[in-house]
Amino acid sequence: MKSAVENLTPTRVKLNVEVPFEELKPSIDEAYKTVASQIQVPGFRKGKVPSKLIDQRVGRGYVLETAINEGLNGWYQAAVQESGIRPLSRPEVEITEVPDPTSTDGELKFHAEVDIRPEIELPDYAGIKVEVAAAESSDEDVDKALDELRGRFGTLKSVDRPAADGDFLTIDITATIDGADVDSASGLSYQVGTETMLEGLDEAVTGLSVDEDAIFETTLVGGDHAGESAQVKVVVKAVKERELPEANDDFAQLASEFDTLAELREDLAKQAAESKVVEQGVEARDKVLDKLVELIEVPVPDSVVEEQVDAHFKEGNGHGEGEHDTEEHREEVKANTARAFQNEVILDAIAEKEEVNVSQAELIDYIVSAASQYGMDPNQFAQIIDQSGQVPMMVSEVRRRKALAVVLGQATVTDTEGKTVDLSDFVRPGGEEEAPAVEAESAEDTNAETAATPSDDPAAVKF
């Protein structure tokens, strides 16, 4: 078999394939077996009909067509492997020549147009310069952290006054569309100002006392009428405020392992400082990635964007997404999809150049972290992603994050005051012990190399 690649655009090629008759013959033999199992001829058992008799009954042309249809994907895949291209879409195949059915010679010729992952040229990315916001923890940060901790131990008490920001309410709501009730709920708990229920609810309940009500217009976010505009009546049944415990040594002993408030504040100050470093690290990480996208031109195939846009709005059907299927929203999804694709291509290329691998321990850490975000048991979460075939995708994600960490570790980071920012606590080395690497595989590339992860493995970002 011979194949040749013709570049149509930076992200689309035409793969020209020629299959000689000797390579086509095994498929023809299999096609005869397939046809023999499908027809019945008196005097012959099913599946045992001779080839000459099949030619007489259905024609050799039909057998040849069956052979080509059954073997086409295999020849295409072989051509892909031979050419080294990385397809991103289904191929558009056109058969241009088939052997003469009456001959035992000739060849099959076809071409396949397909979108591919573009090849990029990496610049020298060592020493990329980025500037981040100056970040120094203050007494205000410690006070805020202390108040948040006190809030965990606070108690709610009923108050006889209108609802205000931060209050905890018990409410009843009823939604109507064109005068007909479509949904209702009683005894709901809600904290004013969190904006976690319905748009316009905070404004409606602010200033209401117990047994007072208000009506507001909003868009429903759940149920059979999600995405539809409705009138909602809200009735306040209770108003409560949080009463915080006094900040003293007794509270420090209750809420922490420390004996005094001073020791607790000292620990909170340390945590605040570490949090500021993480904030700077996240900002630096994002800006380094922005710089890479600016430096490296990554053409994006239209098919990738179209597929993701269609999937986005298709998944939204029945959940109110149709209300947001606007040109502006579609452009936003297109831009996000294109940027995500560029990020993947760039970070995959860096990972290959830096020989970044993923250990089992790193994958487990990532799965545990992802499971906590979904509020799931890590073992159950791991089983679900394994059954759905998403493990390679997660390996690729960890690999990309490590690749970005490599670049970030080589970057020059300063704050707005001109001080050099030390991100050594944000970018950390790999595990102390060698661990077997797991297969790295992106959504489009299933042939990434793997190897054992050494103890001095490139830096991994604390995301």
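Residues numbered from 1 in each chain as written. Predicted model: local features only at pLDDT ≥ 70, side-chain atom pairs only at ≥ 80, totals over all residues. Heavy atoms only, no water.

The protein chain is annotated in an unreviewed UniProt entry as Trigger factor from Pseudarthrobacter sulfonivorans. Check the Function (unreviewed entry) section of the UniProt entry for the protein chain; it says "Involved in protein export. Acts as a chaperone by maintaining the newly synthesized protein in an open conformation. Functions as a peptidyl-prolyl cis-trans isomerase." Here the protein chain is described in UniProt, under the heading Subcellular location (unreviewed entry), as follows: "Cytoplasm". (UniProt positions renumbered as here; feature names shortened; annotations may be inferred.)

Draft legend 1. Molecular detail of the packing of aromatic side chains. All chains considered together, the criterion is met by two aromatic pairs. On the basis of an interplanar angle of 90 degrees and a centroid distance of 5.8 Å, the ring pair of Phe153 and Phe251 is categorised as edge-to-face. Taken together, the positions of Phe153 in the loop between α4 (139-152) and β6 (155-158) and Phe251 in helix α6 (residues 249-255) put the pair 98 residues apart, joining distant regions of the chain. Judged by relative accessible area, which is 34%, Phe153 ranks as partly exposed. Here the aromatic rings of Tyr374 and Phe381 are separated by 5.7 Å at their centres, their planes lie at 25 degrees, and the arrangement is stacked. Relative accessible area serves as the criterion here: at 7%, Phe381 is assigned to the buried category. Here the guanidinium or amino end of Arg330 rests over the ring plane of Phe313, the centre of that ring lying 4.3 Å away. (Phe/Tyr/Trp six-rings, centres within 6.5 Å; stacked < 30°, edge-to-face > 60°. Helix = DSSP H or I, 4+ residues; strand = E, 2+ residues; numbered from the N terminus. Buried < 20%, exposed > 50% of the residue type's maximum accessible area, 1.4 Å probe, protein only. Lys NZ or Arg CZ within 6 Å of the ring centre and 35° of its normal.)

Draft legend 2. Summary view of the UniProt feature "domain: Trigger factor ribosome-binding bacterial" (unreviewed entry) in the protein chain. What UniProt calls "domain: Trigger factor ribosome-binding bacterial" (unreviewed entry) maps, in this numbering, to residues 1-149. Along residues 1-149, the helical share is 39% and the strand share 24%, with 70 Å between the first and last C-alpha atoms.

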